[in-house]
Amino acid sequence: MSNPLDDMEKPDVIFCIGTNMTECHPVAATRIKRAIAKGAKLIVADPRQVALAELADIHLPLRVGSDVSLLLAMAHVIARDGLVDEAFLEERTTEGTEFLEHVAEYPPEWAESITGVDAKLIEQAAQWYGAAERGAIYYTLGITEHICGVDNVQSLCNLALVTGNIGREGTGINPMRGQNNIQGAGDCGALPNNYAGFQSVLDAANQAKFAAAYGREVDLEIGPTKVQALDMCGDLIRAMIINGENTVVTDPNRDHCEHALKSLDHFVVIDIFLTETAKLADVVLPATAWAETDGVCANTERRVQRLRKAVTPPGEAKPDWWIVSRIAQRMGLEGFEFDSAKEVFNELCELSPIYAGLDWDRIDQGEYMWPVPHKEHPGTPILHQGEFENGRGIFQMIEYRDPAETISGEFPVWLTTGRRLAAYHTRTQTGRSAGIDYLLSEETLEVNPGDVATWGLEDGGWCTLTSPRGSVRIKVESNKRSPLGTVFASFSFDDVPINVLTGGGYDPVTHTAELKVCPVRVEPEPS
């Protein structure tokens, strides 16, 4: 996230795409509402009429999976109408001329034929964002969970670069993180291609640095992604630890996922509850919950902050760092002799340049947004001010491509998935709350009233939802949030395992599954 959360109240124009923020990030969304109250214009691109779209000055109801075509057309209008920040392109970017020539081929009328959004609306949205003194972009998984997720994000970066809306207050490219410490997980090196601090595993200097720090040789190649790891189960991978993730419910193609985990010789889960994934494990190790743990969290705006234990853990529950370090010691590995979260965090600060100016004692007295390169540094709320870390911003020549699977005679309906306000992720925690269960006790399939009538469904009745991978039985909810031909459900309820259906394709760079696009057919069940 290039800008801090405080900046959400400062843009002239806010462009939200692929983010159901009022349900998935409701606290942050209050800042958007404040910005609107101060006069900011809001553009929302979303296939559904979500609550955020109801607040928008312009709603772009694009077809699922067609984001790149919309963004190419917006760039076309910005270039055509003279809204390019020429000084920014000259001083801070490369490939600018080539990019402007590239987008000249993609007018709004072309995008309308793919997205279904009126060309005039696309023009107006582009003109507002392009003319803004401060234009900010916010996105979430609705952009990344596609086979073109990387293309989607790079297309947003292109928009920010061509208008100079980066590196200043109230601007930026701002992904909203889905879980409270997922940014911190990446910071610590929980990625197959990076050491801690986003230092590439392919860089010889980094390899030497971490080999010296850990006192052993390190792998010289990029590791497998989770998608690849599941494919390797029972073959190249014989044992696995899953820590704090309910993979069976969250991952696409659930049958494949369950088969992979069951094929392991030894499967260990570290979690606070006996999740659907933990039920498949040979060993389940009880972890502490957030209020039972001392540690550090890096949130969506890169803010590094202390977590302080409030209550004593129950039974034999232990902090995750303690469990992992003790497993490593039992395996005979050196370098894991940690006795406190403080020791773990201080090692991170010693090895990671973006944390170099921090330590446990410093963050105990305040909060800092990385990078914090030295002890006197105050932190960096806004990234890319004045210059980019790698020199210049590089435009990418993105082309539109269809989703991995498209609708057909056998599967004529678009299914898109997401989250609901009252259910946090897989309900591992919220599903155990009677109050929350009262608010949302079951999963439903949102179907446009026109489709309910055409398909012979009944509001409150049952239907079967089928994709090339399987079928689920689900109750129908008739409402106008989803457009004709598109249905929506969340993946939060294990008794309605929506991810049995998903998994038709993956982004070739990140291996992120195309969870937002899945062709299905909808059939009524007899009353």
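Each remark here, short or long, concerns the structure printed above.
All figures in this text were calculated on a predicted structure; none of them were measured in a lab. (Residues numbered from 1 in each chain as written. Predicted model: local features only at pLDDT ≥ 70, side-chain atom pairs only at ≥ 80, totals over all residues. Heavy atoms only, no water.)

Visitor: Lay out the overall build of the chain with the relevant residues and their values.
Guide: Of regular secondary structure, the chain possesses 20 helices and 21 strands. For 527 residues, the compact-globule formula gives about 24 Å, and the C-alpha radius of gyration of the chain, at 24 Å, lands near that figure. Out of the 527 residues in the chain, the part that is buried amounts to 51%. Sequence separation of 24 or more characterises 69% of the internal contacts of the chain that already satisfy a separation of 6 or more. Approximately 23,400 Å² of the chain is accessible, and the part contributed by carbon and sulfur atoms is 51%. (Helix = DSSP H or I, 4+ residues; strand = E, 2+ residues; numbered from the N terminus. Rg over C-alpha atoms; globule rule 2.2 N^0.38 Å. Buried < 20%, exposed > 50% of the residue type's maximum accessible area, 1.4 Å probe, protein only. Contact = heavy atoms within 4.5 Å. Areas by Shrake-Rupley, 256 points an atom, 1.4 Å probe, with all protein chains shown as cover.)

Visitor: Describe the packing of helix α4 (residues 67–80) against helix α8 (residues 119–131), naming the residues involved and giving the relevant values.
Guide: Contact geometry for α4 and α8: axes closest at 8 Å, N-to-C directions at 60 degrees. By the angle between their axes, α4 is oblique relative to α8. Crossing of α4 against α8: the hand is right-handed. Residue-level contacts link L70, A73, M74, V77, I78 and R80 of α4 to I122, E123, A125, A126, Q127, Y129 and G130 of α8. Partitioned by chemical class, the residues of the contact of α4 with α8 number 9 nonpolar, 2 polar and 2 charged. (Axes fitted to C-alpha atoms, helices over the stretch in contact; angles between N-to-C directions. Parallel < 35°, antiparallel > 145°, perpendicular 65-115°, else oblique. Left-handed = near helix turned anticlockwise from the far one by under 90°. Nonpolar A, V, L, I, M, F, W, Y, C, P; charged D, E, K, R; others polar.)

Visitor: Quick one: what's the story with the sheet that holds strand β3 (residues 58–60), residue by residue and with numbers?
Guide: Across the sheet, 5 strands lie side by side as β3-β2-β1-β5-β6; this open sheet has parallel pairing. Only two strands of the sheet have a single partner each, and these edge strands are β3 and β6 (173–175). Taken pair by pair, the neighbouring strands of this sheet meet at an average axis angle of 15 degrees, ignoring direction. Strand direction decides the pairing type here: strand β5 (residues 135–139) and β6, joined by 3 bridges, are parallel. Across the sheet, residue Y139 finds its bridge partner in β6, namely P175. Relative to the sheet, helix α10 (residues 149–163) contacts β1 (13–17), β5 and β6, its axis offset from that of β5 by approximately 170 degrees. (Pairing = 2+ DSSP bridges.)

Visitor: How would you sum up the environment of H25? Please name residues and give values.
Guide: Within the secondary structure, H25 is located in the loop between α1 (21–24) and α2 (26–37). Each C-alpha atom of the pair H25 and N346 lies 31 Å from the other, and the pair is 321 residues apart in sequence. Setting aside anything within four residues of it in sequence, one finds H25 in contact with N20, T140, M176, R177 and G178.

Visitor: Describe the packing of aromatic side chains, listing the residues and the values that go with them.
Guide: This model, assessed by the stated rule, comprises 9 aromatic pairs. Ring centres 6.5 Å apart and planes at 55 degrees place the aromatic pair F15 and Y129 in the tilted group. Here F15, found in strand β1, pairs with Y129, found in helix α8; they are 114 residues apart in sequence, far enough to count as distant. Pairing F198 with W370 gives two aromatic rings, centres 5.8 Å apart and planes at 40 degrees, and the pair type is tilted. Pair noted here: F198 is in the loop between β7 (194–195) and β8 (199–200) and W370 is in the loop between β14 (368–369) and β15 (393–394), with a separation of 172 residues, a long-range link. Its guanidinium or amino end placed over the ring of Y368, R362 lies 4.3 Å from that ring's centre, counting from NZ or CZ. (Phe/Tyr/Trp six-rings, centres within 6.5 Å; stacked < 30°, edge-to-face > 60°. Lys NZ or Arg CZ within 6 Å of the ring centre and 35° of its normal.)

Visitor: Quick rundown of empty space enclosed by the protein? Include the residues and the values.
Guide: Scanning all chains against the criterion turns up 2 cavities of 30 Å³ or more. In this structure, the largest cavity encloses a volume near 370 Å³. Every residue lining the largest cavity is counted, 27 residues in all, and those nearest its centre are G18, D46, G142, T417 and K516. Within the residue set of the lining of the largest cavity, elements represented by two or more residues are α9 (141–144) and β16 (413–418). Looking at which element gives the most residues to the lining of the largest cavity, the answer is β16, with 3 residues. Taken together, the residues that form the lining of the largest cavity break down as 9 nonpolar, 12 polar and 6 charged. Its boundaries defined by the atoms lining it, the second largest cavity holds a volume of some 40 Å³. (1 Å grid on protein atoms, 1.4 Å probe; cavity = no way out; pocket = protein on both sides within 12 Å on 5 of 7 lines; lining within 4 Å. Points joined across faces, edges and corners; volume = space filled by probe spheres on them.)

Visitor: Please give an account of the pattern of salt bridges that cites residues and values.
Guide: If you walk through the whole model with that rule in mind, you get 36 salt bridges. With its nearest N and O atoms 3.2 Å apart, the salt bridge here joins R401 to D151. In this pair, R401 sits in the loop between β15 and β16 while D151 sits in helix α10, placing the two residues 250 residues apart along the sequence. Among the salt bridges present, the one from E245 reaches K226, with a minimum N-O distance of 2.3 Å. Linking E245 in the loop between β9 (239–243) and α14 (247–250) with K226 in helix α13 (residues 226–232), this pair joins segments that are 19 residues apart in sequence. We classify K226 as partly exposed; its relative accessible area is 36%. (Salt bridge = Lys/Arg side-chain N within 4 Å of Asp/Glu carboxyl O.)

Visitor: Which residues make up the pairing of strand β17 (residues 444–447), and what are the values?
Guide: Of the two faces of β17, the one carrying T444 and E446 and the one carrying L445 and V447 are both buried. Here β17 pairs with strand β19 (residues 470–478) via 4 bridges, running parallel. Among the inter-strand pairings, E446 is bridged to a residue of β19, identified as E477.

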